[in-house]
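# Observations on the model geometry
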Amino acid sequence: DIFHSIKILKVISIIIFTKFVTFTFRISKNIKMRQYLLNIILLFLGFTIIYSCSRHQQINRTIFLADSIMEYQPDSAFKLLKTINQTDLSVSENAKYALLLAQAQDKAGHQLINDSLILIAINHYDHLLKDNNKAKAYFYLGRFYQNNNDYAKAINSYLIAEKATSDHDTLL
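Now for a look at the structure at hand. (Residues numbered from 1 in each chain as written. Predicted model: local features only at pLDDT ≥ 70, side-chain atom pairs only at ≥ 80, totals over all residues. Heavy atoms only, no water.)

What follows covers the nonpolar core. Generally speaking, a soluble globular protein has its nonpolar side chains buried in company with each other. Within the largest apolar cluster, 31 residues are counted, with the highest numbers of intra-cluster contacts made by L81, L99 and I118. Looking at this core, the elements that each hand over two or more residues are α2 (31-69), α3 (74-81), α4 (91-107), α5 (116-125), α6 (132-147) and α7 (151-164). For this core, the element with the highest residue contribution is α4, accounting for eight residues. Every residue in contact with L81, bar those within four places of it in the chain, is listed here: A66, M70, Y97, L100, L101 and A104. (Core = buried A, V, L, I, M, F, W, Y, C linked by side-chain atoms within 4.5 Å. Buried < 20%, exposed > 50% of the residue type's maximum accessible area, 1.4 Å probe, protein only. Helix = DSSP H or I, 4+ residues; strand = E, 2+ residues; numbered from the N terminus. Contact = heavy atoms within 4.5 Å.)

So, in structure tokens, the structure goes:
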């Protein structure tokens, strides 16, 4: 996926930068020049690490906040989720994002236009036997089918959701 490709490009650029600086470092006899190059390397790596970590921490905080206000303020959760750039998400973040966005739309009274959003979550959680996220994903897929008058698929999705729900958990 695109997120994985961006990570690979970042790693390649860091390797190339490091090789360049190492080569320059070897040919430089001047101690001050070596110190200067070392500072540049540390600064570059520091900014790279801080930017990548802070961006994902911000995304995770936004997803967590949207999840925590979902029950009582689904419209606000929906607006909050729409601030996230989906291309910045890892596979697991994207699955959680898709599930929460479908949930927010449903709880706010908006119908899902197509099933592609909820299928992202289903593809990620489907391999799990008992998982509340899997159950919710199939529940919202059932809601999509029900809203589109495909009752056989809706019932099937609801049954899968019920099987995926742990005995002590409530689905919604």
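So, on to the packing of α4 against α6. For any two helices packed against each other, the geometry comes down to the angle between their axes and how far apart the axes lie. One way to put it is that α4 packs onto α6 with a least axis distance of 10 Å and a crossing angle of 45°. In terms of orientation, α4 and α6 fall into the oblique class. Between α4 and α6 lies a crossing whose hand is left-handed. Residues K96, L99, A102, Q103, D106 and K107 of α4 pack against N133, K136, A137, Y140 and R143 of α6. Here the residues of the contact of α4 with α6 sort into four nonpolar, two polar and five charged. (Axes fitted to C-alpha atoms, helices over the stretch in contact; angles between N-to-C directions. Parallel < 35°, antiparallel > 145°, perpendicular 65-115°, else oblique. Left-handed = near helix turned anticlockwise from the far one by under 90°. Nonpolar A, V, L, I, M, F, W, Y, C, P; charged D, E, K, R; others polar.)

This paragraph deals with the packing of aromatic side chains. Tallying each qualifying case throughout the model produces three aromatic pairs. Plain terms: the ring middles of F139 and Y158 are 5.6 Å apart, the flat faces sit at 40° to each other, and that makes the pair tilted. Of this pair, F139 sits in helix α6 while Y158 sits in helix α7; the two residues are 19 residues apart in sequence, bridging distant segments of the chain. A residue is classified by how much of its surface remains accessible, and F139, at 15% relative accessible area, is buried. Using a relative accessible area of 24% as the deciding quantity, one classes Y158 as partly exposed. What links up through ring pairs into an aromatic cluster is the set F139, Y140 and Y158. (Phe/Tyr/Trp six-rings, centres within 6.5 Å; stacked < 30°, edge-to-face > 60°.)

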